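Observations on the model geometry
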Amino acid sequence: MRVLLVEDDDGVGDALTEALAARGHVPTRVRRGADALTRHHEADLVLLDLGLPDTDGLEVLRMLRKVADVPVLVLTARGDERSVVRGLRLGADDYVVKPVRLAELLARMDTITHRAARSATTLSSVVRVSDVEIDMSSRRVRVGGEEISLTLKEFELLAVLARRLGTAVSRQQLMDEVWGDAYLAISRSLDVHMTQLRGKLKRPGLLTTIRGFGYRLGE
């Protein structure tokens, strides 16, 4: 896949670029957030560091999400809970704290792009619940006739629930289907994405939490 690596540390950047290329990917490395915002369209996935010289990576993520839905994996040494939660809320598809084992990073990258491709190509129906319309093929969601903007992970979670409308779906099943492996997913990541999804739908009661089990969409 084409990978845009946004990393200002030469040691980390050179090592990752070499490792990604050795495994068949096509990496392009940039050092500044401004470069990420102008070159994201060239990539199938963005690996985004947060400690950038020109602007904070979270601000780059916020601006990027206004113009593109390219999958973004945050790869940073910033592992405090506040940063992780904020990154996920701003639309990161995954958040990995350095140092990370290369095999795990590659697995997370593959999972993100696989799910994105699956959402774009294999889903074709339109699901309606209340005044919410979920178009699986175009990955568009309308609430009360108005289209809302969802991140890749938010849409994938909604799609899993929509395909099982009115049925309780376990947390493990959601993480398996959206992240590819429940053991690779972060449980709090699921919670953050679901909270963001609820906020965007603005339909209290439509998305129900089943305590100790998972979630249900619709009655």
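Structural notes, computed from the coordinates. Here the structure is a predicted model, which is why all the values come from computation and not from measurement.

With that out of the way, let us pick up the overall build of the protein chain. Scanning the protein chain from N- to C-terminus turns up 8 helices and 12 strands. Since a compact globule built from 219 residues should have a radius of gyration of about 17 Å, the 17 Å found for the protein chain is in line with a globular shape. The principal-axis extents of the C-alpha atoms in the protein chain amount to approximately 55 × 35 × 30 Å. Classification of the 219 residues of the protein chain by burial places 48% in the buried group. Contacts in the protein chain between residues far apart in sequence, at least 24 positions, make up 56% of those at least 6 positions apart. Between the mean site of the 33 positive side-chain charges and the mean site of the 32 negative ones, the protein chain shows a separation of 5 Å.

Restricting attention to buried positions, one finds in helix α4 (residues 81–89) the residues S83, V84, V85, G87 and L88. Just past α4, the residue G91 takes up positive phi, approximately 115°.

Calculation rules
- Residues numbered from 1 in each chain as written.
- Predicted model: local features only at pLDDT ≥ 70, side-chain atom pairs only at ≥ 80, totals over all residues.
- Heavy atoms only, no water.
- Helix = DSSP H or I, 4+ residues; strand = E, 2+ residues; numbered from the N terminus.
- Rg over C-alpha atoms; globule rule 2.2 N^0.38 Å.
- Buried < 20%, exposed > 50% of the residue type's maximum accessible area, 1.4 Å probe, protein only.
- Contact = heavy atoms within 4.5 Å.
- Lys, Arg positive; Asp, Glu negative; His and termini not counted.
- Charge placed at Lys NZ, Arg CZ, Asp CG, Glu CD.

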